[in-house]
Amino acid sequence: MKLIAANWKSNPDTAKTAERLALAEDYEGVIIIPPFQYLERVRSVLKHASLGAQNVFWENGGPFTGEVSPSQLKNLSVSFVIAGHSERRAYLGETDDMINKKIKAALSEGLQVILCVGEPIQIRKDGIRSAKDFITNQIRYDLRGVKRSDAKKVIITYEPIWAISTSQNAEPDIPEEAAEICAYIKNLVNVRGVIYGGSVNAKNAKEFLGRDDIDGALVGGESLKPKEFQKIVSAATPLV
Ligand code: PEP
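Conventions and cut-offs
Residues numbered from 1 in each chain as written. Predicted model: local features only at pLDDT ≥ 70, side-chain atom pairs only at ≥ 80, totals over all residues. Heavy atoms only, no water. UniProt positions renumbered as here; feature names shortened; annotations may be inferred. Axes fitted to C-alpha atoms, helices over the stretch in contact; angles between N-to-C directions. Helix = DSSP H or I, 4+ residues; strand = E, 2+ residues; numbered from the N terminus. Parallel < 35°, antiparallel > 145°, perpendicular 65-115°, else oblique. Left-handed = near helix turned anticlockwise from the far one by under 90°. Contact = heavy atoms within 4.5 Å. Nonpolar A, V, L, I, M, F, W, Y, C, P; charged D, E, K, R; others polar. Near = heavy atom within 4 Å. Polar contact = N/O pair within 3.5 Å; in protein donor to acceptor, adjacent residues only side chain to side chain. Areas by Shrake-Rupley, 256 points an atom, 1.4 Å probe, with all protein chains shown as cover. Buried < 20%, exposed > 50% of the residue type's maximum accessible area, 1.4 Å probe, protein only. Pairing = 2+ DSSP bridges. Right-handed = clockwise from strand over helix to strand, strands pointing away. Phe/Tyr/Trp six-rings, centres within 6.5 Å; stacked < 30°, edge-to-face > 60°. Salt bridge = Lys/Arg side-chain N within 4 Å of Asp/Glu carboxyl O.

If you check an unreviewed UniProt entry, the protein chain appears there as Triosephosphate isomerase. In the Catalytic activity (unreviewed entry) part of its UniProt record, the protein chain is described as follows: "D-glyceraldehyde 3-phosphate = dihydroxyacetone phosphate". The Subcellular location (unreviewed entry) field of the UniProt record for the protein chain holds the comment "Cytoplasm".

The following block contains the structure:
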C-alpha cells in the first residue's frame, strides 16, 4: 500500500478547522501531520489514518524551552515524526548533526521517522548525478549510527527543495527522474520506503504514485484542501 503523508505545516488557525480537516482525510495509509497543538484533538477523531508530528527534540525532558520530546509524542499516540524538512534545514538552520540526534532519539522511543532529503536547484542544474551525490551525503550523515533494524522504521522522502510549493517558482520534479532518485535511495539504504514530495496535486498524483519505485507522497499545500487531497489518496489506491 502506498503511503500519503499530509504535512499541514503551520496550518490551520483553529482546532475546529483542524478537526474537520482530519475527518476529511482519515483514510487507511494516510499519515496526518498537524502542528503540535492539534495532535490530541486530531488523534481523538482519527479511525483509519496514523498520526505524525512535524518535529521532535533529541532529549526526553529537561531545560529545553519550546522543545517537544520523543516520549511526549509517544504518549500522545504519535507514530511518525518528520526530521530534516528543508524548511527547517534552510530557514531555521537545522544541521545534519541535529537531524541525526533527533532521528536516533525518536527511534529509541519507538517512533517511526519520515526523513526528508533533497537538493537545491543549483545542484540539480548540474545534473541528476550531482543530485544523487548530494542526497547520499545527507542520508549518510542523517542516519549515521542508526542500526539496520531501526532503519526499517525510517521512511525517506525525496523532496527536491525547488519542487516544494512554497519555494520560489516551484514546480514538481519530472516523475521519471523522481522515480530514478527514489530507486537510487532504495539501493543505498534499506529503509521502510521511499516516497516523493514537492508540489504533488490531484492532477499529477498518478504520475508519481503509479511508479513502482515511489512508495507514496508527502503532500504539503494540497493537504489543506480536502477535496484535492481525497483525489490524491484515490490515485494511491490500487485498482484491485
Ligand atoms: C512539503 O511540505 O514537504 C511539501 C512537499 O509541500 P508541497 O506539497 O506544498 O510542495
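Caption draft 1: Broad picture of the packing of helix 7 (residues 128-142) against helix 9 (residues 175-188). As a packed pair, helix 7 and helix 9 sit with axes 11 Å apart at the nearest point and diverge in direction by 40 degrees. With respect to their mutual orientation, helix 7 and helix 9 come out oblique. You can see that helix 7 and helix 9 cross each other, and the crossing is right-handed. Side by side, helix 7 and helix 9 meet where Ile128, Arg129, Ala131, Lys132, Ile135, Thr136, Ile139 and Arg140 of the first sit next to Glu177, Glu180, Ile181, Tyr184, Ile185 and Leu188 of the second. Among the residues making up the contact of helix 7 with helix 9, the classes are represented as 8 nonpolar, 1 polar and 5 charged.

Caption draft 2: Spotlight on the site of the ligand. For the ligand, the set of nearby residues contains 14 residues, the closest of which are Lys9, His85, Glu159, Ser165 and Gly221. Within the side chain of Asn7, an N or O atom sits 3.1 Å from an oxygen atom of the ligand. A distance of 2.8 Å separates an oxygen atom of the ligand from a polar atom in the backbone of Ser199. In isolation the ligand exposes 290 Å². Once the protein is present, 99% of that is buried. By residue class, the composition of the shell around the ligand is 4 nonpolar, 8 polar and 2 charged.

Caption draft 3: View of the pairing of strand 2 (residues 30-33). A two-sided burial pattern is seen for strand 2, the buried positions comprising Val30 and Ile32 on one face and Ile31 and Ile33 on the other. One ladder, built from 4 bridges, connects strand 1 (residues 3-7) with strand 2; its direction is parallel. Along strand 2, the bridge assignment pairs Ala6 with Ile32. Crossover handedness for the path strand 1 to helix 1 (residues 15-24) to strand 2: right-handed.

Caption draft 4: Summary view of the packing of aromatic side chains. As enumerated under the stated definition, the model contains 4 aromatic pairs in all. Arranged with centres 6.4 Å apart and planes meeting at 55 degrees, the rings of Tyr158 and Tyr196 form a pair that is tilted. Taken together, the residues span a long stretch of sequence, with Tyr158 in strand 6 (residues 154-158) and Tyr196 in strand 7 (residues 193-197) at a distance of 38 residues. The exposure class of Tyr196 is buried, given its relative accessible area of 0%.

Caption draft 5: Here's a closer look at the pattern of salt bridges. Counted under the stated rule, the structure contains 18 salt bridges. Salt-bridge contacts for Asp133 lead to Arg129; the nearest nitrogen and oxygen are separated by 3.0 Å. Note that Asp133 and Arg129 are positioned in helix 7 at a spacing of 4 residues, about one turn of the helix. With relative accessibility at 48%, the residue Arg129 sits in the partly exposed group. Across the salt bridge formed by Asp215 and Lys186, the nearest N and O atoms sit 3.0 Å from each other. Residue Asp215 is located in the loop between helix 10 (205-209) and strand 8 (216-219), and its partner Lys186 is located in helix 9; the two are separated by 29 residues in the primary sequence. Its relative accessible area of 31% is what places Lys186 among the partly exposed residues. Connected through shared salt-bridge partners, Glu119, Arg124, Asp173 and Glu177 make up one network.

Caption draft 6: Expanded view of unusual backbone geometry. Between Asn11 and Pro12 the backbone carries a cis peptide bond, its omega angle lying at -10 degrees. As for its placement among the helices and strands, Pro12 is situated in the loop between strand 1 and helix 1. Positive phi is not limited to glycine here, since Ser77 has a value of about 65 degrees. Examined against the element boundaries, Ser77 turns out to sit in the loop between helix 3 (70-75) and strand 4 (80-83). Residue classification places Ser77 among the partly exposed residues on the basis of a relative accessible area of 40%. One non-glycine residue with positive phi stands out, namely Asn169, at about 50 degrees. Tracing the backbone shows Asn169 in the loop between strand 6 and helix 9.

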